[in-house]
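# A look at the structure
Residues per chain, in single letters:
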Amino acid sequence: MTEKDKDYKLLCLVLSRMTFLTTFEKLNLIKKLDSLNNLMVLSIEEISTIIGRKSRARWDGELFLNQARQDLYIITKFQISMVLYTDKEYPALLREISDPPFLLFYRGNIDFLSKFCISVVGTRRMTSDAARSCVEFAHSACLDGTNIISGLAFGIDRKAHEGALKAFDESSDKNIAGKTAAILPGAIDNIIPEGNRKLAQRILESGGCLISEYAPGEEAMPYRFVQRNRIIAGLSSTTVVIQAPPGSGAMHTADFALGYNREVMFHKAAFSESSMKISSIVRRQLSLQADKGSTEEKKLRMDPKLFVQDGAPIIENYADCLRCLSEAPEKRNCTQANTNLLTLFD
């Protein structure tokens, strides 16, 4: 690595830790500054002038630079790669969202993210039917060459990755089989949950990847799970919810996907009798706690039934998903059957 390359990486790593700036403000700083040293000597007032708004954030250039040097040491030692928003390798669909990550840290291969991907999400407390349906969906998708995006959590996420890996193991041509990407809520050098570390290693061995927007050493704080969900939604044109109660993390992902003008579909397993009973309990709990404008009130609006009533399709399998995608929204057979399915459990 040349000194020039090292300085540029350090500049990007410093900016990635400046969480008081948006991605586009960070890019503006890179454009206006021609070196790492020029950033280090700026005051917070001068930074505010460049970005066009007043910031009261605490800014200590030397402290941030020391953190960046430690980050560079870790990513070099553990062979962690990084890709900037402006790099050609940065996933194109993710670049389109309103709040894209400035920098992605990753291990493995990210080239497949430029091909057709489906995000598969759901609850940690899944039913046996949802677990089976998830594995089958991801397995069929990857045998067809489609790539699966999920979050490496227990439950549906794990089953989505396992279904993808099953397809890879069975495929006679490993280059054709779809891959799987796990998007992490914390730093890439600290895989959580710990029980999924072997799964993460299998993902890498199969040609997939692990991705995080957080610098080395950063913990998976609660709010970062929601931030991570926007990346899961942003990496694909379609998000499939296998099973998720109202207000859950998976429903946040679905909400992000809709906000990005992406397709959102629900698997039939999300409306099985056992799934609907769980959703009903959660819905009642949220209703009791909900005040106007409260977090609970917002979560109530993230309800699978409401999404379906607004036109989100209910699908039975991967082939059904492809069929829906090939049809105009107003002519989808899977959408026309939604009302009858939901009525069964009202």
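The coordinates are above.
What you are looking at is a predicted structure, and each value in this text was computed from that prediction instead of being measured.

The alternating pattern of strand E4 (residues 147-150) places Asn147 and Ile149 on one face and Ile148 and Ser150 on the opposite face, and all of these are buried. Taken together, the three bridges between strand E3 (residues 117-121) and E4 define a ladder with parallel strand orientation. For Ser119, the partnering residue across the bridge sits in E4 and is Ile149. In this view, the connection linking E3 to its parallel neighbour E4 by way of helix H7 (residues 128-143) has right-handed handedness. Judged from the three bridges that link them, E4 and strand E5 (residues 180-183) form a sheet pairing that is parallel. Directly across from Ile148, in E5, lies its bridge partner Thr180. A crossover links E4 with its parallel partner E5, the connecting element being helix H8 (residues 156-170), and its sense is right-handed.

A complete count under the given rule lists seven aromatic pairs for this structure. With centroids separated by 5.7 Å and ring planes inclined at 80 degrees, the aromatic side chains of Phe24 and Tyr85 adopt a geometry described as edge-to-face. Note that Phe24 is positioned in helix H2 (residues 23-32) and Tyr85 in the loop between strand E1 (81-84) and helix H6 (92-95), a separation of 61 residues in sequence. We classify Phe24 as partly exposed; its relative accessible area is 42%. A residue is classified by how much of its surface remains accessible, and Tyr85, at 13% relative accessible area, is buried. The aromatic ring of Phe168 is capped on one face by Lys174, whose charged end is 4.8 Å from the ring centroid. Sitting above the plane of the Tyr214 ring, Arg224 keeps its charged end 4.6 Å from the centroid.

So, on to the nonpolar core. With 82 residues, the main nonpolar core has Val14, Met18, Leu39, Trp59 and Leu113 as its most contacted residues. For this core, the element with the most residues is helix H1 (residues 3-16), which contributes six residues. Residues contacting Met18, with those up to four places away along its chain left out, are Lys26, Leu29, Leu39, Ile47, Trp59 and Phe64. Of all hydrophobic cores here, the second largest spans 21 residues; its members include Ala141, Cys142, Ile148 and Ala167.

The tally for this structure, following the rule as stated, stands at 14 salt bridges. The salt bridge partner of Arg53 is Glu25, with a shortest N-O separation of 2.5 Å. Linking Arg53 in the loop between helix H4 (44-51) and helix H5 (61-77) with Glu25 in helix H2, this pair joins segments that are 28 residues apart in sequence. On the basis of relative accessible area, Arg53 is assigned to the partly exposed category, the value being 33%. With its nearest N and O atoms 3.9 Å apart, the salt bridge here joins Lys277 to Glu273.

Moving on: H7. In this model H7 runs 23 Å from its N-terminal to its C-terminal C-alpha over 16 residues, within 8% of the 22 Å that 1.5 Å per residue would give. One or two positions beyond H7, positive phi appears at Gly145, with a value near 95 degrees.

As a packed pair, H8 and helix H9 (residues 197-205) sit with axes 10 Å apart at the nearest point and diverge in direction by 40 degrees. Taken together, the axis directions place H8 and H9 in an arrangement best described as oblique. Crossing of H8 against H9: the hand is left-handed. Across the interface between the two elements, Arg158, His161, Glu162, Leu165, Phe168 and Asp169 from H8 touch Leu199, Arg202, Ile203 and Glu205 from H9. Among the residues forming the contact of H8 with H9, the class breakdown is four nonpolar, one polar and five charged.

Time to look at the sheet that holds strand E6 (residues 209-212). Strand order across the open sheet formed by nine strands is E1-E2-E6-E5-E4-E3-E7-E8-E9, with mixed pairing between neighbours. The outermost strands of the open sheet, each flanked by one partner alone, are E1 and strand E9 (314-315). Direction of pairing for strand E7 (residues 238-241) relative to strand E8 (residues 263-267): parallel, over a ladder of four bridges. In the sheet register, Val240 faces E8, and the bridge partner there is Met265.

Secondary-structure assignment places Gly52 in the loop between H4 and H5. Linking Gly52 and Glu25, residues 27 residues apart in sequence, is a C-alpha distance of 8.8 Å.

In contact at an axis separation of 9 Å, H1 and H5 are set at 115 degrees when each is read in the N-to-C sense. Judged by the inter-axis angle, H1 sits roughly perpendicular to H5. As H1 packs across H5, the resulting crossing turns out to be right-handed. Contact residues: H1 offers Lys6, Lys9, Leu10, Leu13 and Val14, while H5 offers Phe64, Leu65, Ala68, Arg69, Asp71, Leu72 and Ile75. When its residues are assigned to classes, the contact of H1 with H5 shows eight nonpolar, no polar and four charged.

Rules of the game
- Residues numbered from 1 in each chain as written.
- Predicted model: local features only at pLDDT ≥ 70, side-chain atom pairs only at ≥ 80, totals over all residues.
- Heavy atoms only, no water.
- Buried < 20%, exposed > 50% of the residue type's maximum accessible area, 1.4 Å probe, protein only.
- Helix = DSSP H or I, 4+ residues; strand = E, 2+ residues; numbered from the N terminus.
- Pairing = 2+ DSSP bridges.
- Right-handed = clockwise from strand over helix to strand, strands pointing away.
- Phe/Tyr/Trp six-rings, centres within 6.5 Å; stacked < 30°, edge-to-face > 60°.
- Lys NZ or Arg CZ within 6 Å of the ring centre and 35° of its normal.
- Core = buried A, V, L, I, M, F, W, Y, C linked by side-chain atoms within 4.5 Å.
- Contact = heavy atoms within 4.5 Å.
- Salt bridge = Lys/Arg side-chain N within 4 Å of Asp/Glu carboxyl O.
- Expected span 1.5 Å × (residues − 1).
- Axes fitted to C-alpha atoms, helices over the stretch in contact; angles between N-to-C directions.
- Parallel < 35°, antiparallel > 145°, perpendicular 65-115°, else oblique.
- Left-handed = near helix turned anticlockwise from the far one by under 90°.
- Nonpolar A, V, L, I, M, F, W, Y, C, P; charged D, E, K, R; others polar.

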